[in-house]
Amino acid sequence: MRMYWVVNFQTINMKKMIPGNTKIEVTKDGPYLVSGDLPLSEQWIVTNAGGDSLEYREGKKYPAQPQYALCRCGQSANKPFCDGTHAKVRFDGTETDSHEPYLKQAGTIEGPTMLLTDQENLCAFARFCDPKGKIWNLVKQDNPEARKLVKHEAGHCPAGRLVIWDKTTGKPIEPEFEPSLGLIEDTEKKVGGPIWVRGGIPVVSADGKTYEIRNRLTLCRCGSSANKPFCDGSHAA
C-alpha cells in the first residue's frame, strides 16, 4: 500500500528557520552553487570487519564561505569544488528527477509499531540498512532491539530513501540536523559518494523550480546518476 495521510515532508524537523539566501542551485550542465555560509565537511562511512556500515566519522572540514560551487560532473581536478571541467568534457547534467513528492513515490512496509517508507530510486548505497537482517525485515519484528535497529538504520540513510513513522502519531522519526553539507566517502567501496544535504536546505533546479524540501537528501557528484540531480548509487556501481 501507499500512504498519503502522514505529515508532508516540508514540515518535518524544520524547527530552525533557514535564512532566505540559504540554498543550493543546480546550474545547467554545470556545478551546484551553494549559498548561505553552509558548513561543508567529509563524512566517512565507518564499517566493521564484515563490511557492515555502522556510523559516520567526520573528516576534513572546509572553511565556511558565503558562496561556493561544488563539482557535479565528477571530473574536476579541484574536488569537491568546480574548476570548469564540465565545459571541457561537455557534461550532460540534464535533470531527470520527476519533482514528485517523496510520499507519492515511496512504497510502505507496515510493522507492529512503525511504518517504513521506501523510495528505491533515491538509494545512495550507503548500506546502513543491511546489518542485523536488513531493515525491511526488522521493521516487522515486535521487540525493543529490532525497533532500536530500525531507528538507527533508517536515520543513517543519507538520502532519506528510508523513513520510519510512528503508527500511533503518524509522525516521522527523523534525526535532527543543523543545515549543513557532507561529502560522503565510502571506505568499504573506496569511492567518493554523494553530497549529503542536511537540515531542510532548498535545492533549486536549473529551471528555477524548487524540489521538495526534505530533512536529508543526497546529490550526485560523480555525474553518472540516472536520477539527476539526486544520487542513485551509480558511484559505487
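In the block above lies the structure referred to throughout.
In this report, the structure presented in the accompanying data block is examined. Note that the structure is predicted; figures quoted are calculated from it, not measured.

**A short note on the packing of aromatic side chains**
Step number 1: Tallied over the entire structure, the rule returns six aromatic pairs.
Step number 2: Arranged with centres 4.7 Å apart and planes meeting at 45°, the rings of Tyr-56 and Phe-128 form a pair that is tilted. Of this pair, Tyr-56 sits in strand S4 (residues 53-62) while Phe-128 sits in the loop between strand S7 (114-118) and helix H3 (135-138), and the two are 72 residues apart along the sequence. This pair shows no difference in class: Tyr-56 is buried, exactly as Phe-128 is.

**A look at helix H4 (residues 144-155)**
Step number 1: Over its 12 residues, H4 runs 16 Å from end to end, which matches the ideal 16 Å to within 8%, given 1.5 Å per residue.
Step number 2: What H4 keeps buried is the set Ala-146, Leu-149, Val-150, Glu-153, Ala-154 and Gly-155.
Step number 3: On the buried face of H4, the contacting elements are S7, H3, strand S8 (162-166) and strand S12 (216-219).

**Structural notes on the sheet that holds strand S11 (residues 203-204)**
Step number 1: Judged by pairing direction, the sheet is mixed, and its four strands sit side by side in the order S5-S2-S1-S11 without closing on themselves. Each edge of the open sheet carries a strand with a single partner, namely strand S5 (67-70) and S11.
Step number 2: Sheet topology places strand S1 (residues 23-26) next to S11; two bridges connect them, and they run parallel. Bridging across to S11, Glu-25 finds its partner in Val-204.

**A few points about the pairing of strand S6 (residues 107-110)**
Step number 1: Pairing analysis gives four bridges linking S6 to S7, with the strands arranged antiparallel. Paired with Glu-110 across the bridge in S7 is Leu-115.
Step number 2: In sequence, S6 turns back onto S7 through a hairpin of three residues.

**Things to note about unusual backbone geometry**
Step number 1: Omega for the peptide link from Lys-79 to Pro-80 comes to 10°, which places this bond in the cis form.
Step number 2: In this structure, the amide linkage connecting Lys-228 to the following residue, Pro-229, adopts the cis form with an omega of 10°.
Step number 3: Relative to the assigned elements, Pro-229 resides in the segment after S12.
Step number 4: Of note in this structure, Asp-37 is not a glycine but carries a positive phi near 55°.
Step number 5: Within the secondary structure, Asp-37 sits in the loop between strand S2 (32-35) and strand S3 (40-47).
Step number 6: On the accessibility criterion, Asp-37 (43% relative accessible area) is partly exposed.
Step number 7: Here Phe-125, not a glycine, exhibits a phi torsion of approximately 60°, which is positive.
Step number 8: We classify Phe-125 as partly exposed; its relative accessible area is 32%.

**Some remarks on the nonpolar core**
Step number 1: By size, the foremost hydrophobic cluster in this structure holds 31 residues, and its most contacted members are Ile-24, Leu-70, Leu-181 and Leu-219.
Step number 2: Only S1, S2, S5, helix H2 (102-105), S8, strand S9 (180-186), strand S10 (191-198) and S12 provide two or more residues apiece to this core.
Step number 3: If we skip the residues at most four places from it in the chain, Leu-219 touches Ile-24, Tyr-32, Pro-194, Ile-195, Val-197, Val-203, Pro-229, Phe-230 and Cys-231.

**Regarding the sheet that holds S7**
Step number 1: On the basis of which strands lie adjacent, the open sheet formed by three strands has the order S6-S7-S8 and antiparallel pairing. On the outer flanks of this sheet lie S6 and S8, each paired with one strand and no other. For this sheet the average axis-to-axis angle between neighbouring strands, irrespective of direction, equals 25°.
Step number 2: In the sheet, S7 pairs with S8 via five bridges, with the strands oriented antiparallel. Looking across to S8, one finds that Leu-115 is bridged to Trp-165.
Step number 3: Here H4 sits on the sheet in contact with S7 and S8, set at roughly 135° to S8.

Rules used in this analysis
- Residues numbered from 1 in each chain as written.
- Predicted model: local features only at pLDDT ≥ 70, side-chain atom pairs only at ≥ 80, totals over all residues.
- Heavy atoms only, no water.
- Phe/Tyr/Trp six-rings, centres within 6.5 Å; stacked < 30°, edge-to-face > 60°.
- Helix = DSSP H or I, 4+ residues; strand = E, 2+ residues; numbered from the N terminus.
- Buried < 20%, exposed > 50% of the residue type's maximum accessible area, 1.4 Å probe, protein only.
- Expected span 1.5 Å × (residues − 1).
- Contact = heavy atoms within 4.5 Å.
- Pairing = 2+ DSSP bridges.
- Core = buried A, V, L, I, M, F, W, Y, C linked by side-chain atoms within 4.5 Å.
- Axes fitted to C-alpha atoms, helices over the stretch in contact; angles between N-to-C directions.

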